[in-house]
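Structural overview
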Amino acid sequence: MVTTDSVPEQDRIAFWNEAVSRTLVPMEVSARGDGPFDGRMATDRVGCLQVTTVEADAQRVSRTQTLIARSPRALVAVGVQTSGTATFLQDGRRAEAGEGDLVLYDTTRPFSFDYPRRFTARVFQVPRRALGAPDSALRQATGRAIGAGDGFGAMLLPFLTNLAATAGSHPPAVATRLSGMVVELLDTLIAEQSRSGGPDAGTDTAGHLVRRVRDHVDRNLLDPDLCPARLAAAHGISVRYLHRLFEGEGITVSRLIRQRRLEECGRELARRGRAAPSVSAVAQRWGFVSPAHFSRAFRAAYGVTPTEWRDLSTTRQAAGFVQAAG
């Protein structure tokens with residue numbers, strides 16, 4: 001617990017500024033009232049999540065570009081307004097947060113909080129690297145006040161409130177799992193907020209990103225090393241976030257890659273001609289390293305072996321199988 005109670009009145013703001021900067025990230029704090037400043041702060045950890053409760057008099061807190069350059073800690077934070085109000089600014093947007101509202105922010109870009117009177121707030125911080133959301137989506141999610149009745153906020157706010165109340169009481173294994181749940185929830189919140197940001201919400205929203213991934217798969221089917229990890233790296237997201245993107249697509253990423261490869265193999269094997277390639281050559285061309293694995297996968301998808309498929313009398317018959325299998 002950090003408190004200004006035992007600090008001389010003339011030194012309290014300097015002491016508070018240092019305490020806030022050390023506990024959260026380096027920031028500039030200035031008091032808004034004329035009387036003696038009073039503040040207290042308590043911090044706990046839940047896995048990779050830091051939970052800080054702040055109760056203090058009216059103040060203005062800002063993280064400038066100069067402070068970011070000196071201490072570029074990459075954190076994503078959620079501030080929950082427990083009492084009082086705050087005006088939050090980041091990425092050109094202004095949010096008026098009242099009791100029960102939350103705001104999402106990124107410590108690698110300038111921001112400010114203005115508290116016009118005494119307040120209580122909880123701050124939840126996670127390392128930026130733990131999140132799978134792309135930077136463009138995160139930029140669209142900041143600078144907005146989210147209430148308990150606003151979409152995903154209805155689920156997230158009670159969870160964070162309960163977590164803060166029990167922080168520090170969990171065994172390490174449980175704490176790690178709980179912090180992982182917070183990361184998952186934050187990724188979902190960012191995706192929701194970036195989708196609702198209007199026509200200028202950026203190009204890496206979930207739906208657009210799924211289309212980009214599908215296009216990338218189609219362009220790289222010949223690469224035998226194409227896999228979810230490669231796809232995630234190519235789009236600057238985590239494998240976990242990539243799998244979440246496809247939860248509503250009715251197919252996993254790995255199955256999509258295999259399905260598209262089998263479709264191209266089927267089309268090539270259905271072509272008739274003197275120079276028709278061998279089954280093993282077609283399999284290798286479209287990224288199947290093992291002919292035996294290819295044969296099993298092909299039969300499971302189309303009900304016939306690759307050789308039987310190639311021996312069908314007409315290309316139209318083979319195309320019919322492709323359509324039925326799709």
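Everything in this summary refers to the structure shown in the same document. (Residues numbered from 1 in each chain as written. Predicted model: local features only at pLDDT ≥ 70, side-chain atom pairs only at ≥ 80, totals over all residues. Heavy atoms only, no water.)

1. What to know about the overall build of the protein
Across its full length, the protein holds 13 helices and twelve strands. The 326 residues of the protein split such that 48% are buried. A separation threshold of at least 6 residues defines the contact pool for the protein, and within that pool the share at least 24 residues apart is 68%. Total accessible area computed for the protein in this model is approximately 15800 Å², and 51% of it derives from carbon and sulfur atoms. (Helix = DSSP H or I, 4+ residues; strand = E, 2+ residues; numbered from the N terminus. Buried < 20%, exposed > 50% of the residue type's maximum accessible area, 1.4 Å probe, protein only. Contact = heavy atoms within 4.5 Å. Areas by Shrake-Rupley, 256 points an atom, 1.4 Å probe, with all protein chains shown as cover.)

2. With respect to the sheet that holds strand E8 (residues 93-97)
Reading across from one edge, E2-E5-E10-E7-E8 is the order of the five strands in this open sheet, with antiparallel pairing throughout. The strands lining the two open edges of the sheet, one partner per strand, are strand E2 (28-31) and E8. On average, each strand axis in the sheet is tilted by 15 degrees relative to the strand beside it, whichever way the strands run. Contacts between helix H1 (residues 12-23) and the sheet are confined to E2 and strand E5 (59-63), with E2 contributing the most and set at about 145 degrees to the helix. (Pairing = 2+ DSSP bridges. Axes fitted to C-alpha atoms, helices over the stretch in contact; angles between N-to-C directions.)

3. Side note on the environment of Ala 86
Following the sequence through the fold, Ala 86 ends up in strand E7 (residues 86-90). Look at Ala 86 and you get buried, because its relative accessible area is 3%. Separated by 17 residues in sequence, Ala 86 and Val 103 place their C-alpha atoms 9.9 Å apart.

4. Observations concerning the pairing of strand E4 (residues 49-56)
With six of eight residues buried, E4 is to be regarded as a mostly interior element. As paired elements, strand E3 (residues 39-46) and E4 share eight bridges and run antiparallel to each other. Residue Gly 39 lies in a different strand from E4, and its bridge partner there is Ala 56. In this structure, the hairpin formed by E3 and E4 is closed by a connection of two residues, where Gly 47 is found at a positive phi of approximately 60 degrees.

5. Regarding the packing of aromatic side chains
Throughout the structure, instances matching the rule amount to 14 aromatic pairs. Centre to centre, the rings of Tyr 115 and Phe 119 are 3.7 Å apart; their planes meet at 5 degrees, and the pair counts as stacked. By relative accessible area, Phe 119 is classed as buried at 2%. When the ring of Phe 288 is compared with that of Phe 294, the centres are 5.0 Å apart and the planes differ by 50 degrees; the resulting orientation is tilted. (Phe/Tyr/Trp six-rings, centres within 6.5 Å; stacked < 30°, edge-to-face > 60°.)

6. Re the nonpolar core
Nonpolar side chains in soluble globular proteins generally cluster together in the buried interior. Val 217, Leu 231, Leu 242, Phe 246, Phe 294 and Phe 298 are the most contacted members of the largest nonpolar core, which has 33 residues in total. Ranked by residues supplied to this core, first place goes to helix H9 (residues 253-270) with seven residues. Aside from chain neighbours lying at most four places away, what touches Phe 294 is Leu 262, Cys 265, Leu 269, Val 279, Ala 283, Phe 288 and Pro 306. Listed in part, the 32 residues of the second largest apolar core include Val 76, Phe 124, Leu 131 and Val 182. (Core = buried A, V, L, I, M, F, W, Y, C linked by side-chain atoms within 4.5 Å.)

7. Digging into H1
Helix length check: H1, at twelve residues, gives a terminal C-alpha distance of 16 Å against a target of 16 Å (1.5 Å per residue), a fit within 8%. Among the residues of H1, Arg 12, Trp 16, Asn 17, Ala 19, Val 20, Ser 21 and Thr 23 are the ones counted as buried. In the core, the buried residues of H1 are packed alongside strand E1 (2-3), E2, E3, E4, E5 and strand E11 (119-127). (Expected span 1.5 Å × (residues − 1).)

8. Here we look at the packing of H9 against helix H11 (residues 291-302)
For the pair H9 and H11, the least separation of the axes is 11 Å and the interaxial angle reads 90 degrees. Classed by the angle they form, the pair H9 and H11 counts as roughly perpendicular. Residue-level inspection shows Arg 258, Leu 262, Glu 263, Cys 265, Gly 266 and Leu 269 of H9 in contact with H11, the latter providing Phe 294, Ala 297, Phe 298, Ala 301 and Tyr 302. Here the contact of H9 with H11 is built from residues that sort into eight nonpolar, one polar and two charged. (Parallel < 35°, antiparallel > 145°, perpendicular 65-115°, else oblique. Nonpolar A, V, L, I, M, F, W, Y, C, P; charged D, E, K, R; others polar.)

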